[in-house]
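# Working through the structure, step by step
Below, each chain spelled out in residue letters.
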Amino acid sequence: VVCVLCVLFQECSKKQKNDDTQSTSLDAVSSTDGLEEKNEFHTLANAKILLSDCLACDNCMTSEEGTRVFQQNQKELFRVLNLNKKCDTSKHKVLAVSICPQSLPYFAAKFSLSVNDAAKRLCGFLKSLGVHYVFDTTIAADFSILESQREFVQRYQRRNQEDHALPMFASACPGWIRYAERVLTNLVTPHICTAKSPQQIMGSLVKGYFARQQNLSPDKIFHVVVAPCYDKKLEALREDFYTALYNSQEVDCVLTSGEIVQIMEQKNVSLKDVAEVAVDTLFDETKEGEVVRHDGRRSDGYLEHIFKHAAKELFGMDVKEITYKALKNKDFQEVTLEKDGETVLRFAAAYGFRNIQNMVLKLKKGKFLYHFVEVLACPGGCLNGKGQAQTEDGKPDKALLNQMEEVYAAIPVRLPETNVRVQRMYQDWLEGMDSKKVQDTLHTKYSAVNQTASNLDIKW
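Description of the structure in this document. (Residues numbered from 1 in each chain as written. Predicted model: local features only at pLDDT ≥ 70, side-chain atom pairs only at ≥ 80, totals over all residues. Heavy atoms only, no water.)

## Looking at the overall build of the chain
If you tally the helices and strands in the chain, you get 16 helices and 11 strands. For the chain, with 460 residues in total, the buried portion stands at 57%. Long-range pairs, those at least 24 residues apart, make up 76% of the contacts in the chain with a sequence separation of at least 6. (Helix = DSSP H or I, 4+ residues; strand = E, 2+ residues; numbered from the N terminus. Buried < 20%, exposed > 50% of the residue type's maximum accessible area, 1.4 Å probe, protein only. Contact = heavy atoms within 4.5 Å.)

## Some words on helix H12 (residues 302-315)
A rise of 1.5 Å per residue sets the reference length of H12, with its 14 residues, at 20 Å; its end C-alpha atoms lie 19 Å apart and thus fit the reference within 8%. With 11 of 14 residues buried, H12 lies mostly within the body of the structure. Packing partners of the buried residues in H12 comprise helix H7 (138-157), strand S3 (168-169), helix H9 (198-213), strand S9 (332-339), strand S10 (342-351) and strand S11 (372-376). Glycine 316 sits one or two residues past H12 and shows a positive phi near 65°. (Expected span 1.5 Å × (residues − 1).)

## Observations regarding the packing of H7 against H12
At a minimum axis separation of 9 Å, H7 and H12 run at an interaxial angle of 45°. Put simply, H7 runs oblique to H12. Classified by chirality, the crossing of H12 by H7 is right-handed. Mapping the contact onto sequence places Ser144, Ile145, Ser148, Gln149, Phe152, Val153, Tyr156 and Gln157 in H7 and Tyr302, His305, Ile306, His309, Ala310, Glu313, Leu314 and Phe315 in H12. Among the residues forming the contact of H7 with H12, the class breakdown is nine nonpolar, six polar and one charged. (Axes fitted to C-alpha atoms, helices over the stretch in contact; angles between N-to-C directions. Parallel < 35°, antiparallel > 145°, perpendicular 65-115°, else oblique. Left-handed = near helix turned anticlockwise from the far one by under 90°. Nonpolar A, V, L, I, M, F, W, Y, C, P; charged D, E, K, R; others polar.)

## Some remarks on the pattern of salt bridges
Across all of its chains, the model carries 19 salt bridges by this definition. Lysine 207 is the partner of aspartate 252 in a salt bridge, and the nearest nitrogen-oxygen pair spans 2.9 Å. One end of the pair, aspartate 252, is in the loop between strand S6 (248-249) and strand S7 (253-256); the other, lysine 207, is in helix H9, with 45 residues separating them in the sequence. Among the residues examined, aspartate 252 registers a relative accessible area of 24% and is labelled partly exposed. On the basis of relative accessible area, lysine 207 is assigned to the buried category, the value being 9%. Each of Lys127, Asp280 and Lys287 takes part in a single network of salt bridges with overlapping partners. (Salt bridge = Lys/Arg side-chain N within 4 Å of Asp/Glu carboxyl O.)

## Overview of the sheet that holds strand S1 (residues 94-99)
Pairing is parallel across the open sheet formed by four strands, whose spatial order is S2-S1-S4-S7. Single-partner strands in this sheet number two, and they are strand S2 (133-136) and S7. Mean inter-strand twist for the sheet, computed between neighbouring axes without regard to direction, equals 25°. The sheet contacts of helix H6 (residues 115-129) involve S1 and S2, and relative to S2 the element is tilted by about 150°. Against the sheet, helix H11 (residues 257-266) engages strand S4 (221-227) and S7, with an angle of about 75° to S7. (Pairing = 2+ DSSP bridges.)

## Digging into the pairing of S1
Judged by how many residues are buried, S1 sits mostly within the fold: six of six residues are covered. With six bridges connecting them, S1 and S4 associate as parallel partners. Bridge pairing in S4 links serine 98 to valine 225.

## With respect to helix H8 (residues 174-184)
Where burial is concerned, most of H8 is hidden: 11 out of the 11 residues are buried. Those residues of H8 lying buried are Pro174, Gly175, Trp176, Ile177, Arg178, Tyr179, Ala180, Glu181, Arg182, Val183 and Leu184. Threonine 185, located one to two residues past H8, shows a positive phi value of around 50°.

## Notes on the environment of glutamine 333
Mapped onto the elements of the fold, glutamine 333 is located in strand S9. Given a relative accessible area of 10%, glutamine 333 falls into the buried group. Distance from glutamine 333 to phenylalanine 347, taken between C-alpha atoms, is 8.5 Å for residues 14 residues apart in sequence. If we ignore the near neighbours within four places in the chain, the residues touching glutamine 333 are Arg297, Tyr324, Lys325, Ala326, Leu327, Phe347, Ala348 and Ala349. A distance of 2.7 Å separates the side chain of glutamine 333 from the backbone oxygen of lysine 330, its partner in a polar contact. (Polar contact = N/O pair within 3.5 Å; in protein donor to acceptor, adjacent residues only side chain to side chain.)

## What to know about the nonpolar core
Core analysis: the biggest nonpolar cluster contains 51 residues, and Phe152, Phe169, Trp176, Leu345, Met359, Phe372 and Val373 have the highest contact counts within it. Elements represented by at least two residues in this core include exactly H7, S3, H8, H12, S9, S10, helix H13 (353-364) and S11. In this structure, phenylalanine 372 is in contact with Phe152, Met168, Phe169, Ala170, Tyr302, Leu303, Ile306, Arg346, Phe347 and Ala348, ignoring residues within four places of it in sequence. Core analysis: the second largest hydrophobic core is formed by 44 residues, Val80, Val131, Leu255 and Leu400 among them. (Core = buried A, V, L, I, M, F, W, Y, C linked by side-chain atoms within 4.5 Å.)

## Things to note about the sheet that holds S3
Pairing between sheet strands relies on hydrogen bonds along the backbone, with the strands arranged either parallel or antiparallel. Spatially, five strands are ordered S3-S11-S10-S9-S8 in an open sheet, and the strand pairing comes out mixed. Looking at which strands have only one partner, the edges of the open sheet turn out to be S3 and strand S8 (325-329). Judged from the three bridges that link them, S8 and S9 form a sheet pairing that is antiparallel. Counted as the bridge partner of asparagine 329 is phenylalanine 332 from S9.

## Side note on the environment of serine 299
With respect to the helices and strands, serine 299 occurs in the loop between H11 and H12. It is 8.8 Å that separates the C-alpha atoms of serine 299 and leucine 376, two residues lying 77 residues apart in sequence. Ignoring any residue separated from it by four or fewer positions in sequence, one finds serine 299 in contact with Gln102, Tyr351, Glu374, Leu376, Cys382 and Tyr408.

Written out as structure tokens, the structure reads:
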């Protein structure tokens, strides 16, 4: 694949490959091909999956990472489904699927459904395959935003004592995180918020909280996340998201929204024809209500939530509406807060690697004015993830994206502070908001990574 990181940043060395080697399907490299039985899922599991839009390449992946990423495909899902159909109960897994909120507008727009209908029909489709539980990851984003808010206020308060307290960069985008750790290294990593992404907090919730509720060992749950982009597959493999005691990752497999549609196409199923099934919650037998989102335009809204929280906590100001000011382009915008004629907060949203590159250049030159930046690798934000809304030639489907943005904007906003279940879990499960368990469960550490990957001829 032509790696986006390598194209836009000369720090990576990547030789050009011709078009014939850019899009190799996972079924050609899966290590389990020779072991699979011919069964009702075999044809589905061999659906073509093209990773030509992934942000990773052979120069920033180890051989082990390459093998494990290739295993995160439909075959792995159906391998578990097939094991569950056999009589050896010792190998059975509870199969849980968590769906990112930025994936739902894709299904809604593609199949001309309301977002609530899309969520229920998607749940119905997954359960028809043999999935036991289907969750919405919005609750995980609640935790991630709340922890990010608290960390920003703490960093701001100690900005004069610590060189790396500010600026603070958002940590939810794995493409950005991988680039920061492997290319930018110590220039940036101390500035990255330590709160886990919603995907990985959901992993902690499913393999921790939910497993305990169900009296299950974490390794008995196979946790799949449906996400807008391929980079989430890499994020799931991080060593800090692995529990050695149970030999278990927090997220076992990531499938993109497009990969789920490929399964539907192989089964000749339209989401419009699937029966609706209410989405599960992590709490007993209760079900999710209407779909809600956070106060962001195309993402989980870290900038808006942190900005409003900081304005209140640090300056006693209630900000109701945020005004964005576009700078060089629509994907690089800033938000400021003024008090007594002085600018006291300056935030920015930097989407796409061209804007990230300009941002880093300013940081290197010591001309960085921002206190917080919401950084996302994809131009246009998470809705434009490369695992959904792409045309056959790999370009964004602009008409579909416009519909997705309209769908997403119409979803009601819920403030994470108002989620009673989250507040209860802080006390009952995490032992208080300032506990060590909060740090261990909801936070991680980002640091420079020595580049040890050999120049393997991994075919993407």
